[in-house]
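# Chain and residue survey
Chain by chain, the residues run as shown.
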Amino acid sequence: MELIAYIQNYDWGKLGKDSEVAQLIVANNPAYEIDENKPYAELWMGDHPCGPSIVKSTGQQLDKVLKDKLTYLFKVLSIRKSLSIQVHPNKKEAEQLHKNCPALYDANHKPELVIALTPFTALCGFRPNCEIYEFCKILPPLKRFLGGDKSIECLNTKTPGAVQPIYATLMTADEDDVAELIKCITTKYMPVLATYRLDELFTTINQDFPNDVGVLSLFFLNVIYLKPGESLYLGPNEIHAYLNGDCVECMACSDNVIRAGLTPKYKDVERLLESLNYAGQLGEYKIFKPKRLDANAQLFAPPVKDFAVVHIQINDNDPYTLKLPQSSGILLVLKGKRLLSSPGHSQLVIKRGSIIYLTTQMMRSIELTSPSSTDSNDTFIAYIATKNCF
């Protein structure tokens, strides 16, 4: 089944044709008119009730067609300004949150995988204690704000989770005090931030969310710069925020987000602080490494059963066959053109913007061939999201 993705126009999305999401929408449906002043933030591919895909040939919602609910939600994101400081609860926490606040939370966990399509910046996990301690020392107003030398001395150790009470002090501070601290850093300490490559990020985030406590999380959380093709896996209770860039994202079929900064939406600071994994780790260890299946395919399979993603890149005109475990999948084409076929199914031309629901039978043998000799030098790039049966 060819699909039409659901569009999310969140305020943080890139505007008009600057958005990869918008470009893919038009590639999928050339008649679609893009508003250059409108944000195009997310493309949802799946059967999530808040944004189900549409079957192109019939106009039916995918969730009304499938017999079994998908375990994953597949997305493309185009980020112009920061998403919220957030965490996703584990399964047990999600069930309790849904019981207590059904209007805010669903009952599923939401581990997620992000693969960069362009240079991509994110906050992910707490820095090692020593890095946070260093920021407190070189930014005296931050140290005073957190309680002085005595309060931060626990960071001058390798004690796991030592940052917990200090981060709680930050996130529960009076808004006026936070604003005063940010103003002080902006006025006196930008050259110091420049030596850590944080001056531009600090300025940009503070412009987008003036005097928000999330701006100060730059000194507590790892800043990760992904190159195209690099990936992050965000497991339960991992604090993070996406700052800018375009990416493919796959997650468990849920929309559970506990937010506490850089957002106009509801902030549940207490629950976030209770839910967090406070273990500090160098940012380089957050990069998620794929496994190569063959010369043309890489597998991103996180340690959850809900989802995995296969990246396909074909640089020549030779026929290519990919055999995957028995589970349905959703294929998204980002570049090039090929003929898609599978035993017992008719051929289908797929190109940039094509979104295809693949049955379990088709996933057993996906055949991709070049439609003509004129496309022989056209690199083909696609992603397939599926249940993690690997």
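Preceding this paragraph is the structure being described.
Note that the coordinates shown come from a computational prediction; the quantities given were computed from them, not determined experimentally.

## Describing the layout of surface pockets
The calculated volume of the largest pocket comes to roughly 390 Å³. What lines the largest pocket is a set of 26 residues, among which W12, L83, S84, R259 and K265 lie closest to the centre. Of all elements in the fold, only strand 5 (42-45), strand 7 (72-79) and strand 13 (240-252) reach the threshold of two or more residues within the lining of the largest pocket. Considering only residue class, the lining of the largest pocket consists of 11 nonpolar, 5 polar and 10 charged. Taken together, 14 residues make up the lining of the second largest pocket; nearest its centre are R127, E131, Y196, N222 and V223. For the lining of the second largest pocket, the elements supplying multiple residues, two or more each, are helix 4 (129-138) and strand 11 (221-226). The element best represented in the lining of the second largest pocket is strand 11, accounting for 4 residues. For the lining of the second largest pocket, the class distribution of residues is 7 nonpolar, 2 polar and 5 charged.

## Focus on the pattern of salt bridges
Using the criterion set out here, one finds 12 salt bridges in the structure. K286 is the salt-bridge partner of E238, the closest N and O atoms lying 3.0 Å from each other. Of this pair, E238 sits in the loop between strand 12 (231-234) and strand 13 while K286 sits in the loop between helix 11 (269-275) and strand 15 (291-292); the two residues are 48 residues apart in sequence, bridging distant segments of the chain. The class for K286 is buried, based on a relative accessible area of 11%. Through salt bridges with shared partners, a single network forms among K137, K143 and D149.

Rules used in this analysis
Residues numbered from 1 in each chain as written. Predicted model: local features only at pLDDT ≥ 70, side-chain atom pairs only at ≥ 80, totals over all residues. Heavy atoms only, no water. 1 Å grid on protein atoms, 1.4 Å probe; cavity = no way out; pocket = protein on both sides within 12 Å on 5 of 7 lines; lining within 4 Å. Points joined across faces, edges and corners; volume = space filled by probe spheres on them. Helix = DSSP H or I, 4+ residues; strand = E, 2+ residues; numbered from the N terminus. Nonpolar A, V, L, I, M, F, W, Y, C, P; charged D, E, K, R; others polar. Salt bridge = Lys/Arg side-chain N within 4 Å of Asp/Glu carboxyl O. Buried < 20%, exposed > 50% of the residue type's maximum accessible area, 1.4 Å probe, protein only.

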